Amino acid sequence: MAQIPNLDNAPINLASLREQSQRELITILKNIRGKKCLVIDPNLSGSLSLIVQTAVLKEHGVELRHLSAEPLETECTKVVYLVRGQLDLMKHISLHIHDNASKGLQRECFLYFVPRRSVSCEQILKEEKVHDSLTIGEYPLYMVLMDEDVISFELECAYKECLVDSDTSSLWHIAKAIHKLESSFGLIPNVRAKGKASLRVADILERVQTEEPVNVSDVLPEISTLILLDREVDMVTPMCSQLTYEGLLDEVLHVNNGSVELDASIMGVQQEGRKVKVPLNSSDKLFKEIRDLNFEVVVQVLRQKATSMKQDYADITTTTQTVSELKDFVKKLNSLPEMTRHINLAQHLSTFTSKPSFLGRLDMEHTIVESESYDICFEYIEEMIHKQEPLISVLRLLVLLSVTNSGLPKKHYDYLRRELLHSYGFEHMATLNNLEKAGLFRKQEMRSNWLTVKRALHLVVEDTDTANPNDIAYVFSGYAPLSIRLIQQAIRSGWRPIEEILKLLPGPHSESKRGGLSRGSSFELLSGVSNNVDKAAVGRRSIVLVVFIGGVTFAEISALRFLSSQELAAYDIVVATTKVVNGQALLDPFVEKLT
């Protein structure tokens, strides 16, 4: 199965955007004649694998290498560096050029920044006296199309950069990416934003529109509403363990650029130490069917499919079948590799979900979210620290407790901080300072609003039916993600009805109309009866672009898919994010590593 996802069923023509990214890269390579060595920033290789296949690059005389500090081993006389604007990468490139000179190698070197040139990086190249040895350009890759309805800006550190480092350059990147979407699909007339970064992106978007206007004609834009949401507004959701199939795969195996890498033995291949890459996208029909289900339901679905196939096989060997029936059976056999793949993956996940430690943690997460038994939660975290459980696991629960309580009482805060440093090392003083600066682990200075928000938005749903869900709470077996409740409200009737609740959450909020369209507000386009009228008039569903600044989890994406699949929903949702994350990936940049 192809690593590159099939985008044929996307709500908007995302395939054209991918083709544009392919063309731009191929043009860069074509313009450098002859055989060339393409040296890629390792963090870009996953993104590129979703845009263009290695075989296509080889057709254009490309030899692939990953950028590192080691001298470049190649016989090519032309070297093309494709990198993000990071200072440490400039040092690697400088080392390569100095190494070429010392060995008397005549190499023509090209440097392409992704997505745009960086003044600070070029300054480093000048200081290293290699700037003049490079032909410098840009590869404007602002987004990567992960699947039919998911776009990633591949800015994994954006959340920490904005909150801790006061570096907001990622916000410009996000606005530029949205503007690029508008260039293809029309100016988005309705914008709703919640959070400081989101409002800033909305402002930059207006400025970019002034400088590089998207033509506003009478044609109805393909995307009717843009909802911008800061991750900071809801840090409860990513700290909880995801319980959808795809979310759990990410928690346990870490989905990276639409695939997981795992031991071959898990997939039934008996080869010692060998790793296999398993693609996970909607090109796999079975995965598309089960990815958004609660994991306990996935196990049942796979069991039913396996039983059905077994019965079909028994029928085929014991009774006389017509040609048509044989054809149907062979068609089913074609799905056998997919079945085997997901049974193996589900079996592997089950070894984790059945552990008492996993179930105990789930109970504790629910206890914290429900704001019950603070002392029990505090003691549970204290015990985790004393047992020296993985630091990230401890921090996830600690952040969850701190966020839902608007910080910890001074006595408890000081005590846990001290215990963490004793157990995990004093180098983590910087980690704790980062978390405090971001407001994720801090002293309690005011009463928590969590109970009010939880009740007003109905975030805890009792007796959730995970097999036949009627609410988004199924993705966390009883907790409805705060972020998705807000989006649900924004789509249905805008911010106004929940204005008082929004004021209790971090950051300002805004609602605006753009462009010259006077076809009614997005409330009309997207709510109730009017929506059906609109749908009948234009003959298509409304499209909502939801942008998460700071990351989104697979469970939240599943909840959004559930919303748009409901009978009365007359809209499709496309999710864009700085990065698809889980609690670990979100907190990792805050953890200071000793170099």
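Above this text you will find the structure in question.
Residues numbered from 1 in each chain as written. Predicted model: local features only at pLDDT ≥ 70, side-chain atom pairs only at ≥ 80, totals over all residues. Heavy atoms only, no water.

Student: Mind showing me how you'd approach the sheet that holds strand β14 (residues 571–577) here?
Tutor: The strands that make up a sheet are held in pairs by hydrogen bonds between backbone atoms, and each pair lies either parallel or antiparallel. Spatial ordering of the open sheet is given by β6-β7-β14-β13-β9-β8-β12, a layout of 7 strands whose pairing is mixed. Looking at the sheet topology across the chains shown, the edges are occupied by β6 (144–147) and β12 (509–513). The sheet shows a mean angle of 20° between the axes of neighbouring strands, taken without regard to direction. Two elements, strand β8 (residues 190–194) and β12, share 5 bridges in a ladder whose sense is antiparallel. (Pairing = 2+ DSSP bridges. Helix = DSSP H or I, 4+ residues; strand = E, 2+ residues; numbered from the N terminus. Axes fitted to C-alpha atoms, helices over the stretch in contact; angles between N-to-C directions.)

Student: Honestly, the sheet that holds strand β5 (residues 134–138) in this entry has me stumped. Any pointers?
Tutor: Read from one edge of the open sheet, 5 strands run β2-β1-β3-β4-β5, paired in parallel fashion. Edge positions in the sheet fall to β2 (62–66) and β5, since each of these pairs with one other strand and no more. When strand polarity is set aside, the average angle formed by the axes of neighbouring strands in this sheet is 20°. With 5 bridges connecting them, strand β4 (residues 108–114) and β5 associate as parallel partners. In the strand pairing of β5, Tyr112 is matched with Gly137. Sheet contacts for helix α1 (residues 14–30): β1 (36–40), β2, β3 (78–84), β4 and β5; angle to β1, the most-contacted strand, approximately 135°. (Contact = heavy atoms within 4.5 Å.)

Student: For this particular structure, what's the right way to read the packing of aromatic side chains?
Tutor: Per the stated rule, a full pass over the model turns up 9 aromatic pairs. Measuring from centroid to centroid gives 6.3 Å for Tyr142 and Trp172, while their planes differ by 55°, and the two rings are tilted. Separated by 30 residues along the polypeptide, Tyr142 in the loop between β5 and β6 and Trp172 in helix α7 (residues 169–185) bring together distant segments of the chain. The exposure class of Trp172 is partly exposed, given its relative accessible area of 28%. Each ring, one from Tyr413 and one from Phe441, has its centre 4.8 Å from the other, and the planes form 45°; the classification is tilted. Here the residue Tyr413 occupies a position in helix α18 (residues 410–424), and Phe441 occupies one in the loop between α19 (429–437) and α20 (450–456), the gap between them amounting to 28 residues. On the basis of relative accessibility, which here comes to 2%, the residue Tyr413 falls in the buried class. One aromatic cluster is present, built from ring pairs that chain together Tyr245, Phe287 and Phe295. Sitting over the face of the ring of Trp172, Arg116 holds its NZ or CZ atom 3.7 Å from the ring centroid. (Phe/Tyr/Trp six-rings, centres within 6.5 Å; stacked < 30°, edge-to-face > 60°. Buried < 20%, exposed > 50% of the residue type's maximum accessible area, 1.4 Å probe, protein only. Lys NZ or Arg CZ within 6 Å of the ring centre and 35° of its normal.)

Student: Even after reading the chapter, I still don't get helix α25 (residues 554–565), so can you show me in this structure?
Tutor: Because the α-helix completes a turn every 3.6 residues, residues three or four places apart line up on one side. In a regular helix each residue adds 1.5 Å, so 12 residues correspond to 16 Å; α25 covers 16 Å between its end C-alpha atoms and thus fits that length. Extensive coverage of α25 is indicated by the burial of 11 of its 12 residues. Turning to α25, its buried residues number three or more, namely Phe554, Ala555, Glu556, Ile557, Ser558, Ala559, Leu560, Arg561, Phe562, Leu563 and Ser564. Packing partners of the buried residues in α25 comprise β7 (150–152), α9 (236–239), α10 (245–253), α21 (482–493), β13 (542–549) and β14. (Expected span 1.5 Å × (residues − 1).)

Student: Which parts of the structure should I look at to understand the packing of helix α16 (residues 374–386) against α18?
Tutor: When two helices pack together, their arrangement is captured by the angle between the axes and the distance separating the axes. Between α16 and α18, whose axes approach to 9 Å, the crossing angle comes to 20°. Here α16 lies roughly parallel to α18, going by the angle between them. Considering how the two elements wind past one another, α16 and α18 form a crossing that is left-handed. Within the contact between the two elements, α16 uses Tyr374, Phe378, Glu382, Met384, Ile385 and His386 and α18 uses His412, Tyr415, Leu416, Glu419, Leu420, Ser423 and Tyr424. A class-by-class count of the residues in the contact of α16 with α18 yields 8 nonpolar, 3 polar and 2 charged. (Parallel < 35°, antiparallel > 145°, perpendicular 65-115°, else oblique. Left-handed = near helix turned anticlockwise from the far one by under 90°. Nonpolar A, V, L, I, M, F, W, Y, C, P; charged D, E, K, R; others polar.)

Student: Help me out: how do you make sense of the pairing of β8 in this one?
Tutor: The side chains of a regular strand alternate, first on one face of the sheet and then on the other. Summarising burial for β8: 5 of the 5 residues are buried, a large majority. With burial as the criterion, each face of β8 is covered, one bearing Asn190, Arg192 and Lys194 and the other bearing Val191 and Ala193. Relative to strand β9 (residues 225–230), β8 runs parallel, the two being bridged by 5 bridges. Note on β9: the bridge partner recorded for Arg192 is Ile227.

Student: Sorry, what's going on with the environment of Glu592 here?
Tutor: Turning to its location among the elements, Glu592 is positioned in the segment after α26 (583–587). By relative accessible area, which is 32% here, Glu592 ends up partly exposed. As for Glu592 and Lys176, which are separated by 416 residues in sequence, their C-alpha atoms are 30 Å apart. The contacts of Glu592, once residues within four sequence positions are left out, are Lys160, His428, Ala430, Thr431 and Asn434. A distance of 2.9 Å separates the side chain of Glu592 from the side chain of Asn434, its partner in a polar contact. (Polar contact = N/O pair within 3.5 Å; in protein donor to acceptor, adjacent residues only side chain to side chain.)

Student: Could you clarify how one ought to interpret the pattern of salt bridges in this entry?
Tutor: In a structure, side chains of opposite charge can pair up when their charged atoms sit close to one another. All chains considered together, the criterion is met by 31 salt bridges. Of the charged contacts in the structure, one is a salt bridge between Lys176 and Glu212, with a shortest N-O distance of 3.0 Å. Of the two residues, Lys176 sits in helix α7 while Glu212 sits in the loop between α8 (196–211) and β9, which places them 36 residues apart along the sequence. On the basis of relative accessibility, which here comes to 17%, the residue Lys176 falls in the buried class. Between Glu246 and Arg561 there is a salt bridge; the shortest N-O distance is 3.9 Å. Of the two residues, Glu246 sits in helix α10 while Arg561 sits in helix α25, which places them 315 residues apart along the sequence. (Salt bridge = Lys/Arg side-chain N within 4 Å of Asp/Glu carboxyl O.)

Student: Looking at this model, I keep getting lost on α18. Mind explaining?
Tutor: With 15 residues, α18 extends 21 Å between its outermost C-alpha atoms, agreeing within 8% with the 21 Å of an ideal straight helix rising 1.5 Å per residue. Buried within α18 we find His412, Tyr413, Leu416, Arg417, Glu419, Leu420, Leu421, Ser423 and Tyr424. Check the buried side of α18 and you find it contacts α16, α17 (391–404) and α19. Looking at the residues trailing α18, positive phi occurs at Gly425, about 105°.

Student: Looking at this model, I keep getting lost on unusual backbone geometry. Mind explaining?
Tutor: Most of the time, phi is negative for any residue but glycine, and the peptide bond is trans. Residue Val114 is joined to Pro115 through a cis peptide bond whose omega torsion reads 0°. Mapped onto the fold, Pro115 is located in the loop between β4 and α5 (119–127). You will see that Lys129, though not glycine, has its phi angle at about 60°, which is positive. As for its placement among the helices and strands, Lys129 is situated in the loop between α5 and β5. Judged by its relative accessible area of 70%, Lys129 is exposed. Phi angles above zero are rare outside glycine, and Asn257 is one such case at about 50°. On the basis of relative accessible area, Asn257 is assigned to the buried category, the value being 10%.

Student: Teacher, can you tell me more about the packing of helix α15 (residues 356–369) against α17 here?
Tutor: Where α15 meets α17, the closest approach of the two axes is 9 Å, and the angle between their N-to-C directions is 20°. As summarised for this structure, α15 and α17 are arranged roughly parallel, according to the angle between their axes. As α15 runs across α17, the sense of the crossing is left-handed. Of α17, the residues touching α15 (which contributes Arg361, Met364, Glu365, Ile368 and Val369) are Ser393, Arg396, Leu397, Leu400, Leu401 and Thr404. Looking at the contact of α15 with α17 residue by residue, the class counts come to 6 nonpolar, 2 polar and 3 charged.

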